Amino acid sequence: MYYTYILLTENDTLYCGYTDNVEKRFQKHLSGKGAKYTRANKPVKIVYKQKFHTKSEALKEEARIKKLSKKEKLKLIAHYSRFRFLLFLFPAILILFLFAFLIIAVF
C-alpha cells in the first residue's frame, strides 16, 4: 500500500508527500532526515492521509493536492477529518441501536 499525506508545520504551513509508511516517514521528517522543506518548517502532525493500491496512484494524488490552494487543501483536510470522526462513531452507534433493539424485543 502507498499513501499520500499532508503534514501541518509549526509555522502553519502544509506539506504534502507520498510514502509506503506514513508513521515512519513522519518520524524521518521530525528527525530532519525527510524533505528539505520539513527541515526548515518542522512538522507538528499528520492532518491527512489517503491509502492507494499503487505508487502511481499515490503520486498522482500528491501532484493533484500540490496544485490546490491552501484554502482548498484545508477544505480537503476538514472533509477527511469529518469522515474519520464518523467512521470512529459508527461502531458505537451500531452497538447502541442493537442494544436498544434487544431491549425492545425482550419486553
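Residues numbered from 1 in each chain as written. Predicted model: local features only at pLDDT ≥ 70, side-chain atom pairs only at ≥ 80, totals over all residues. Heavy atoms only, no water.

J.: Can you explain the overall build of the chain? Please cite residues and give values.
T.: A count of helical and extended segments in the chain gives 4 helices and 3 strands. Reading the chain from its N terminus to its C terminus gives the helix and strand order β-β-α-α-β-α-α. Buried residues in the chain amount to 29% of all 107 residues. A sequence separation of at least 24 residues applies to 56% of the contacts in the chain between residues at least 6 apart. For the chain, the accessible area works out to roughly 7,900 Å², and carbon and sulfur atoms hold 64% of it. (Helix = DSSP H or I, 4+ residues; strand = E, 2+ residues; numbered from the N terminus. Buried < 20%, exposed > 50% of the residue type's maximum accessible area, 1.4 Å probe, protein only. Contact = heavy atoms within 4.5 Å. Areas by Shrake-Rupley, 256 points an atom, 1.4 Å probe, with all protein chains shown as cover.)

J.: Can you tell me about the side chain of Asn41, naming the residues and giving the values?
T.: Note on placement: Asn41 falls in the loop between helix 2 (36-40) and strand 3 (43-52). Within the structure, the side chain of Asn41 is placed 2.8 Å from the side chain of Asn11, a separation counted as a polar contact. (Polar contact = N/O pair within 3.5 Å; in protein donor to acceptor, adjacent residues only side chain to side chain.)

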